[in-house]
Amino acid sequence: MYKNMNIYFVRHGQTETNVKKIWNGKTDLPLSKIGLHQSKELVVFFKNTRIDVIYSSPLIRARKTASPLAKSHKLKVIIDERLSERNFGSLELKPTISKDIYDMSNWDLNSDLDNGVETIQDMYFKRIKPFIDQIIKIHSKKTIVVVAHSWVGRLFNFYFSNKDKSTIAITPKNGVPIKYKI
């Protein structure tokens, strides 16, 4: 029924908080110089690809990554709140700690680390799964580009890997498209 549909997930271009390994969820920070370059490289990557629809998180780092691609394909970017980064609660703008990352990506633990962090299951069932189900339903046989964030990308991997929990631990690289063929 949905054959020949392609969904590309792109994590936004690099930000200074990515380089410094700082939690950056809902804080609206701009792209770094490298991130701006990565957004232009997407235009080159998709030069010979027909794109039907581009979705983006409302956060500026995602919108600025999607903008050059949309302009080159003469498309408008559709902003969807469900694509916002994970809410990191009181960890926001603090240095990341490997154990926290591990615990936050553990599906079975489903922890908020006692810091008001959005749990991985809440994020998946309330935002990401409904978004993916919706775009598959309404954009059959089209090519979709989704520009969002690290934890959104982790849950895209989870969804398209037949719920392989280990995929949640895989961080998508900034500005590098991941293709899902349906």
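Residues numbered from 1 in each chain as written. Predicted model: local features only at pLDDT ≥ 70, side-chain atom pairs only at ≥ 80, totals over all residues. Heavy atoms only, no water.

A. Looking closely at the overall build of the chain. Check the secondary structure of the chain and you find 6 helices and 5 strands. Ordering the α and β elements of the chain from the N terminus gives β-α-α-β-α-β-α-α-β-α-β. Its C-alpha atoms give the chain a radius of gyration of 16 Å, near enough to 16 Å, the size a compact globule of 182 residues would have. Principal axes of the C-alpha set define a box for the chain whose edges measure 45 × 40 × 25 Å. Considering the chain as a whole, with its 182 residues, one finds that 49% of them fall into the buried category. Restricting to contacts in the chain with at least 6 residues of sequence separation, those with at least 24 account for 74%. When the accessible area of the chain is evaluated, it comes to approximately 9,200 Å², of which 54% is carbon and sulfur surface. In the chain, the 31 positive side-chain charges and the 17 negative ones have mean positions that sit 10 Å from each other. (Helix = DSSP H or I, 4+ residues; strand = E, 2+ residues; numbered from the N terminus. Rg over C-alpha atoms; globule rule 2.2 N^0.38 Å. Buried < 20%, exposed > 50% of the residue type's maximum accessible area, 1.4 Å probe, protein only. Contact = heavy atoms within 4.5 Å. Areas by Shrake-Rupley, 256 points an atom, 1.4 Å probe, with all protein chains shown as cover. Lys, Arg positive; Asp, Glu negative; His and termini not counted. Charge placed at Lys NZ, Arg CZ, Asp CG, Glu CD.)

B. Summary view of the nonpolar core. In this structure, Ile-7, Val-146 and Phe-156 are the most contacted members of the largest nonpolar core, which totals 32 residues. Elements supplying a minimum of two residues to this core: strand E1 (6-11), strand E2 (53-56), helix H5 (120-138), strand E4 (143-148) and helix H6 (150-160). The element that contributes the greatest number of residues to this core is H5, accounting for 8 residues. Other than its neighbours up to four places away in sequence, Val-146 contacts Ile-7, Tyr-8, Phe-9, Val-10, Tyr-55, Leu-83, Phe-131, Ile-135 and Phe-156. Residues Val-10, Phe-46, Ala-70 and Val-145 belong to the second largest nonpolar core, which totals 12 residues. (Core = buried A, V, L, I, M, F, W, Y, C linked by side-chain atoms within 4.5 Å.)

C. Spotlight on unusual backbone geometry. Backbone geometry places Leu-93, a non-glycine residue, at a positive phi of 65 degrees. Its place among the elements puts Leu-93 in the loop between strand E3 (77-79) and helix H4 (98-104). Unlike most non-glycine residues, Leu-113 shows phi in positive territory, near 55 degrees. Relative to the assigned elements, Leu-113 resides in the loop between H4 and H5.

D. View of the environment of Ser-166. Examined against the element boundaries, Ser-166 turns out to sit in the loop between H6 and strand E5 (177-181). Its relative accessible area of 48% is what places Ser-166 among the partly exposed residues. Sequence separation between Ser-166 and Asn-106 is 60 residues; the distance between their C-alpha atoms is 8.4 Å. There is a polar contact of 2.7 Å between the side chain of Ser-166 and the side chain of Asp-164. (Polar contact = N/O pair within 3.5 Å; in protein donor to acceptor, adjacent residues only side chain to side chain.)

E. Broad picture of the sheet that holds E2. The mixed open sheet is built from 5 strands, whose spatial order is E3-E2-E4-E1-E5. Two strands in the sheet have a free side with no partner beyond their single neighbour: E3 and E5. Between one strand axis and the next, the sheet turns by 25 degrees as a mean value, whatever way the strands run. Sitting on the sheet, helix H3 (residues 60-72) is in contact with E2, E3 and E4, with an inclination near 165 degrees to E2. (Pairing = 2+ DSSP bridges. Axes fitted to C-alpha atoms, helices over the stretch in contact; angles between N-to-C directions.)

F. Expanded view of the packing of aromatic side chains. Within this structure, the stated rule accounts for 16 aromatic pairs. Between Tyr-124 and Phe-158, the aromatic rings sit 5.0 Å apart at their centres with planes inclined by 85 degrees, giving edge-to-face as the arrangement. Taken as a pair, Tyr-124 in helix H5 and Phe-158 in helix H6 lie far apart in primary sequence, 34 residues in all. Feature note: the residues Phe-9, Tyr-55, Phe-131, Phe-156, Tyr-159, Phe-160 and Tyr-180 constitute an aromatic cluster, connected by ring pairs. The aromatic ring of Trp-151 is capped on one face by Arg-86, whose charged end is 4.5 Å from the ring centroid. The lysine or arginine in question, Arg-154, covers the ring of Trp-151, its NZ or CZ lying 3.8 Å from the ring centre. (Phe/Tyr/Trp six-rings, centres within 6.5 Å; stacked < 30°, edge-to-face > 60°. Lys NZ or Arg CZ within 6 Å of the ring centre and 35° of its normal.)

G. The arrangement of H3 in detail. The end-to-end C-alpha separation of H3 is 19 Å, in line with the 18 Å expected for 13 residues at 1.5 Å each. Maximal helix bending in H3 amounts to about 30 degrees, located at Ala-66; proline Pro-68 follows within four positions. Along H3, the residues that are buried comprise Arg-61, Ala-62, Thr-65, Ala-66, Leu-69 and Ala-70. On its buried face, H3 sits against helix H2 (33-45), E2, E3 and E4. (Expected span 1.5 Å × (residues − 1). Bend = angle between axes of the 7 residues up to and from the residue.)

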